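Residue-level structure breakdown
So the chains spell out like this:
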Amino acid sequence: MKRYIIKHLTIYLAKVIDRKHLVLFFAISLSLISIGCQDNSELDFIARANIIPAPNELVVGDGYFKIPRDLMIINAPENFKSATTLLHKYLGSLGAVGFSSSRPEETASFIFKQNNSITNEGYILTISEENISISASTPTGAFYAVQSLRQLLPLAIENTENAFIENIKIPTLIIKDEPRFKYRGMHLDVSRHFFPVEFIKEYIDHLAMLKMNTFHWHLTDDQGWRIEIKQYPELTTKGAYREETLIGHYNDTPQLFDGKRYGGFYTQEEVKEIVSYATARHVTVIPEIEMPGHAQAAIHAYPELGCTGEQIPVATQWGVFSTIFCPKEETFTFLKNVLDEVIPLFPGEYIHIGGDEAPKEQWKKCNHCQKLIADKGLKDQHGLQSYFIKEIETYINGKGKKMIGWDEILEGGLAPNATVMSWRGTQGAVDAANQGHDVILTPTSHAYFDYYQATYEDEPTAIGGYLPLKKVYSFNPIPKKLQGTKAAKHVLGAQGNIWTEYLSTEDQVEYMAFPRMLAMAEVAWSGPTQNLEEDYTNFLIRLEPFLERLDALDINYANHLYDLEGSVVKTESEVFYQLTTPTNGKVIKYTINNGDEQLYHQPIKISEDAIINGHVYKDELAVGRKFTNTIHYHKAIKAKVEINVEPHPSYNAGGKQSLINGVTGSNTRFGDKEWLGFWGDDLEITITFPEPTKMSKISTRFYNANGQWLYAPIKWEALIILESDAVLSNKQMINSDEQLVFAEIKLDIKTYLTKQLILKIPSYGTIPDGLQGAGNKAWTFIDEIIIE
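Each value, and the rule that gives it
Residues numbered from 1 in each chain as written. Predicted model: local features only at pLDDT ≥ 70, side-chain atom pairs only at ≥ 80, totals over all residues. Heavy atoms only, no water. Salt bridge = Lys/Arg side-chain N within 4 Å of Asp/Glu carboxyl O. Helix = DSSP H or I, 4+ residues; strand = E, 2+ residues; numbered from the N terminus. Buried < 20%, exposed > 50% of the residue type's maximum accessible area, 1.4 Å probe, protein only. Pairing = 2+ DSSP bridges. pLDDT = per-residue confidence, 0-100. Contact = heavy atoms within 4.5 Å.

**Notes on the pattern of salt bridges**
This model, assessed by the stated rule, comprises 30 salt bridges. Ionic pairing is found between Asp340 and Lys399, a salt bridge with its closest N-O pair at 3.3 Å. Of the two residues, Asp340 is situated in helix H8 (residues 329-342) and Lys399 in the loop between helix H11 (381-398) and strand S21 (402-406); the sequence distance between them amounts to 59 residues. By relative accessible area, which is 30% here, Asp340 ends up partly exposed. Given the relative accessible area of 41%, Lys399 is considered partly exposed. For Lys755, the salt bridge is made with Asp725, and the minimal N-O distance between the two is 2.3 Å. Taken together, the residues span a long stretch of sequence, with Lys755 in strand S37 (residues 742-761) and Asp725 in the loop between strand S35 (715-722) and strand S36 (727-733) at a distance of 30 residues. We classify Lys755 as partly exposed; its relative accessible area is 30%. A network of salt bridges, in which partner residues are shared, links Asp189, Arg192, Asp221 and Glu501.

Put into structure tokens, the structure is as follows:
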């Protein structure tokens, strides 16, 4: 049998460090030399101190603690059992330790101490040459200390097969650590696609490993009701199953379905089992029971709960549907009875009631609803939603729980004690915090892990968007408008979300969650970065070896560390193409227009149409995926561009320059660096040429995916400012077909010497009733503006 021996170790000088200096002061360099040995040889291991999330403080010494065969745990408070059990699991799996509490403390190898001066979830981990000591004030803190220690142990602890290691050395160090935010969460939607109990447990294990303390469990939606309610059995016999499921993407034309009945649900006993499992790992489970919208599965089971009384199917498509709970006494009785069964299953302080994406068109047409608005003196349907939410919150508060809802619960007036989960940006959090309400930040721009995470065309199908790892890492849960204010204290923390419309398997969920979950965990535990470039480089240095642990855990993570990223960069007079890869120490090779392969040293000069191909090399071997991009060297590529409004933060990866950088957006999705997205804004785009330029044609295109609220504008206007300062105006209607994904515009004009071009593009406006997203502002997505 071949064995691997670690040949040498280098430790930088011991210093107290924070995350900013982590790469400099607690890097431990390892070289692994593979040699053939006899079967009876020993396997040695020396730890690397690459901990995620990064500790607040760390002091690295110049010695080692060798884990002995007779490791003892003594003086562990009884309430620290979760921590000692976890430690026993990992060290015991190595076959190298035993446990006892009979020896004096001074002879022990491992010591737990309760120190009430340490914050609630904080801990101090001290590793000397004599022993390992953990101090904490709570079982949670002790548990998190063991999770940090776990990352200093061999990968073999994650998989007990052939796990015997004789010599395990850990560097002497002191870690003083505590979380920046109280709430550190991950969400999982099990309505669109259902996942078994064992996978939910694994998901919770992953959260605990990263010191995340909340699992937001999205249990009900239009496509399936997933929790047993004994008083209403048809919620699961009928509401938990749909007749078929959409194949491919919602934007595909024509839409296709698999024709297979699909569903499942969790019994109350299974829910108890999962909650108990999470509690033992210091993870609180928050159930989400959607209301008043996203109720189609429930109303399928009990049609009398809706406004029309009509029998409707469980939804087989994705999106937002007009079906909504009718705010009548019968409905409130039903929901309160449901809550009566849900609340005892979840010991945490919160119940999530959704409250998002609730179309009001059925309420507008409902005589009962209109009478209720009049009788209660409500302003409109938004006031009716507020009335609905307050009725439910009062009931939840009466049961000793707090209510959380998505930021739409602000509409019409916020319920008195509600906590707001801000997803449509950060303004909802700002408004709620300024009113004295607690908030949790989970904006689409940084926290929606169902978005694409790379621009390669072979990425698995996703709902849209573009959220690379670095952007997650850049997230600051405290919005700018709250920084430095008293209201900032209401920011509880942050959460990553996994919506599963396009994630039907466990592997797909893991691919979208990892490694972005690690970045969110570090944001929530260690706090937002103060220097993105330094801190992100440091994070990647720790992440690269951490991926080996994910391998050992059999997690199907997305590895984009060896991807290439290309971007057009400009000087006053020249255009270049820059290639980068996230991690250090790699080599980039490229070709231009299918020429000879070259070593990349500096940005590539571009002076004509170009096709760039590239690859990353590690240890002289090609790694990652082949990169390809095409640059169209049109007449605006050297120009400057201004926009009257900023693109939406979720769809601004390339910035305004992406409108004239010579690179067109994807033909299959609007989630990349080239498409810019605007939510309800009228656009005025100004392109200024460096010198008067002959121009005879203007073209661009708009994404037109109405089911995702993307609408091509109805009209546009081009103002052409000539060299003589004369202004020519050309207005056009835009022909868009809802069956076509793109609406293209082309304007052929007489050749003019032009110094400036202004494009005025009004938003489509409000989405009409009866359509997906009715009543909401339409999105405008625009691609490259090509000037010829």
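**Thoughts on the pairing of S21**
Counting buried positions along S21 gives 4 out of 5 residues, so the element sits mostly inside the fold. Bridge count between strand S20 (residues 350-354) and S21: 3 bridges; the pairing is parallel. Bridge assignment links Ile351 to a residue of S21, and that residue is Met403. Where S21 meets strand S22 (residues 419-422), 3 bridges bridge the pair, whose relative direction is parallel. From the neighbouring strand, Trp406 faces S22, where its bridge partner is Met421.

**So, the confidence of the model for the chain**
Summarising the model, the chain shows a mean pLDDT of 90, and 91% of its residues fall at 70 or more. Counted against residues more than four places away or in other chains, residues 1-42, with its pLDDT under 50, gives 93 contacts.

**What to know about the sheet that holds strand S28 (residues 598-599)**
If you trace the 4 strands from one edge of the open sheet to the other, you get S28-S27-S30-S31, paired in antiparallel fashion. Lying at the two open borders of the sheet, with one neighbouring strand each, are S28 and strand S31 (621-631). In terms of strand pairing, strand S27 (residues 587-592) meets strand S30 (residues 610-618) through 6 bridges, oriented antiparallel. Directly across from Ile592, in S30, lies its bridge partner Ile612.

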